[in-house]
Amino acid sequence: MEELRRQGVFESEEESKTREIVLGRLAALVKKFVRRVSIARGLSETAADAAGGKIYTYGSYRLGVHGSGADIDTLCVVPRHVTREDFFNVLEGMLREMEGVTEVSGVPEAYVPVIKTEISGIPIDLVFAQLSLPSIPEDLDLSDDNLLRNLDDQSVRSLNGPRLINEILRLVPNVDVFRDALRCIKLWAKKRAIYSNVNGFLGGVAWAMLVARVCQLYPNAVAGAVVSRFFVIMEKWAWPQPVLLKPIEDGPLQVRVWNPKLYPQDRAHRMPIITPAYPSMCATHNVMASTQQVMTEEFQRGTAIVDDVMLGKAEWSALFEKHDFFHRYRFYLQVSASSRNLDIQNKWSGTVESKIRQLVMRLEFVDALKLAHPFIKGFDVIYYCLSEEEAQAVSRGEIPDAVVRRKQEDVAGKEGVITMYTTSFFIGLSIKPKEAGSTGPRRLDISYPTAEFIKMVKLWDKYDETAMTIAVRHIKHTALPDCVFDPGEREAAARPKKRTRGIKDSPAPAAKRSRTESVVQSRPSSSASPTSSTVSAPQAIRSSSAEARPGSSMLDELPHASTSAKTPDSMAVAASA
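Conventions we followed
- Residues numbered from 1 in each chain as written.
- Predicted model: local features only at pLDDT ≥ 70, side-chain atom pairs only at ≥ 80, totals over all residues.
- Heavy atoms only, no water.
- Helix = DSSP H or I, 4+ residues; strand = E, 2+ residues; numbered from the N terminus.
- Buried < 20%, exposed > 50% of the residue type's maximum accessible area, 1.4 Å probe, protein only.
- Contact = heavy atoms within 4.5 Å.
- Areas by Shrake-Rupley, 256 points an atom, 1.4 Å probe, with all protein chains shown as cover.
- Salt bridge = Lys/Arg side-chain N within 4 Å of Asp/Glu carboxyl O.
- Phe/Tyr/Trp six-rings, centres within 6.5 Å; stacked < 30°, edge-to-face > 60°.
- Lys NZ or Arg CZ within 6 Å of the ring centre and 35° of its normal.
- 1 Å grid on protein atoms, 1.4 Å probe; cavity = no way out; pocket = protein on both sides within 12 Å on 5 of 7 lines; lining within 4 Å.
- Points joined across faces, edges and corners; volume = space filled by probe spheres on them.
- Nonpolar A, V, L, I, M, F, W, Y, C, P; charged D, E, K, R; others polar.
- Pairing = 2+ DSSP bridges.
- Axes fitted to C-alpha atoms, helices over the stretch in contact; angles between N-to-C directions.

**Digging into the overall build of the chain**
Regarding its fold elements, the chain presents 18 helices and 14 strands. Of all 577 residues assigned to the chain, the portion counted as buried reaches 50%. In the chain, 72% of the contacts between residues at least 6 apart in sequence involve partners at least 24 apart. With an accessible surface of roughly 27100 Å², the chain has 50% of that area assigned to carbon and sulfur atoms.

**A word on the pattern of salt bridges**
For the structure on display, the rule yields 29 salt bridges. Salt-bridge contacts for Arg192 lead to Glu298; the nearest nitrogen and oxygen are separated by 3.0 Å. Linking Arg192 in the loop between α7 (175-191) and α8 (204-217) with Glu298 in helix α11 (residues 289-310), this pair joins segments that are 106 residues apart in sequence. The two residues Arg192 and Glu298 agree in class, both being buried. As a salt-bridge pair, Glu390 and Arg406 come within 2.9 Å of each other at their nearest N and O atoms. Residue Glu390 is found in helix α14 (residues 388-395), and its partner Arg406 is found in the loop between α15 (401-405) and β9 (418-431); the two are separated by 16 residues along the sequence. Classification of Arg406 by relative accessible area gives buried; the value is 15%. Through salt bridges that share partners, Glu92, Arg96, Asp343 and Lys347 make up one connected network.

**A word on the packing of aromatic side chains**
Here the structure, examined in full by the defined rule, presents 25 aromatic pairs. Note on Phe87 and Phe88: the rings are 5.0 Å apart at their centroids and 80° apart in plane angle, and the pair reads as edge-to-face. Between Phe325 and Phe375, the aromatic rings sit 5.1 Å apart at their centres with planes inclined by 35°, giving tilted as the arrangement. Linking Phe325 in helix α12 (residues 325-328) with Phe375 in the loop between β7 (369-374) and β8 (379-385), this pair joins segments that are 50 residues apart in sequence. On the accessibility criterion, Phe325 (1% relative accessible area) is buried. Grouping aromatic residues by their ring pairs yields a cluster made of Phe325, Phe326, Tyr329, Tyr332, Phe375, Phe379, Phe426 and Phe485. The side chain of Lys54 reaches across the aromatic face of Tyr56, ending 5.2 Å from its centre.

**Observations concerning empty space enclosed by the protein**
The tally for this structure, following the rule as stated, stands at 2 cavities of 30 Å³ or more. Lining of the largest cavity is provided by 15 residues; of these, Gln334, Ser336, Tyr383, Ile399 and Ser424 occupy positions nearest its centre. Secondary-structure elements contributing two or more residues to the lining of the largest cavity are β6 (331-339), β8 and β9. For the lining of the largest cavity, a count of residues per class yields 8 nonpolar, 6 polar and 1 charged.

**A look at the sheet that holds strand β1 (residues 54-58)**
Strand order across the open sheet formed by 5 strands is β1-β2-β5-β4-β3, with mixed pairing between neighbours. Each edge of the open sheet is held by one strand with a lone partner, namely β1 and β3 (101-107). Across this sheet, the average inter-strand angle for adjacent strands is 25°, counted without regard to direction. Both strand β2 (residues 72-78) and strand β5 (residues 122-130) contribute to a ladder of 7 bridges, which runs parallel. Within β5, the residue paired with Cys76 across the bridge is Phe128. Packing against the sheet, helix α5 (residues 84-97) makes contact with β2, β3, β4 (114-119) and β5, and its axis sits at approximately 165° to β3.

Given below as structure tokens:
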């Protein structure tokens, strides 16, 4: 607990009170929203007032394990005459007019359609459920299975949020131990960048169910012991054997229940963690081969660290060391979504983020790739352009140095300034080792999966080619933008480490020594293009051969791979922008 407090996972009393005030204001707005739609549908004033409308919290806030700055997962429940279209068209507009609201972004195409908003500094994810009731009573109990009658799949999924949280809290043997252990695992997962359902890792609910299962297996254990056993059990879990908190229940309703014997889609789930509330669903359907591999490696790392902690060889702080995602790979894909309007950008970037998983799945079919590792979030940057040429370069993801350095105060009072809102997502590319005996360059062609991804994103029914742009480009680790690093992190990583013995004393072969002796080049600016990085000769990115597709380039093997200076092992990468 001392380490958790040191890490700042607990919110202040002031923030806690702000959350309560925000939820009260949101509850009042939902009632006003239902009343407005009811009047528009022709209901009388009396019937409109009685129509109700309620919000229910779920996720980490309802579990009691939320931290400072965490969002509040909230369900909006409305009567049958209020539709999902009203939710996105009417309520979203009312949120924009609400005092204290700084961001509103609806994502109706998501697996669970959501409005992301921020009220008085508190981020909220608002989902929607339309019940087959003429009005919503104040004492409505969502645990009643009959409420699921005649609902569409999206409403059932939305209702499953608060219903399963109530079940989790009911099924754990000791709620306080469960909460302390879950706080620890959530912090670890976030620090190690494996906390994101949308990008193919596990979300908060899935992590909660894993911890709850370990608590069930060790009902008398303290939180530290639960955390220790968590890593041991998860490292050795025989996936795709499902994690269940209770047996799957059949019900009288015509709703789908997770059943791999009956549904081929359910058989395809790689790490099934099944929700305990009826109808049981898989909370981890987004997990892919690449993300499963990354999480397995993190389970192994966690096991080794907690073993050392129990033996007194390490501190708990070692478990929470920051991820090394932006230092781990030599090559990355950068997906940049941009627009010139903040409201449009919020919707556009949310849509692009929801599709990143589809790009990763396509990359997994590329033979020469061993791993396509998506990062768990995007990076928002605002650029101020003085010409259309600069704005076009930003939309392509090729940021000029002058634009990178330019700040808002530098353009104050100037005419013709174009503000570009950008969000960049990153995928680390791990290339398979060169086969023994093979010579010459190998070609890693990723133009097809990237072109298909761009085509798919542009099929969004609200896509506007005049206002929204997307670019996909491959970059070297040296060309990563500064925004992905903490202050001082990039310089610390580039600083040469102390050597324990001289180079001449090293038993490494001469070719390897020649690389070691080469001076570490300074990193280019964040705007550097993939083909302009300054590196030593064996690692240079060269123009591809004549038969390569436009935009392709010759990329070298992984940064720490041993290759001869005479016969460099290079990868030809063709990427569609």
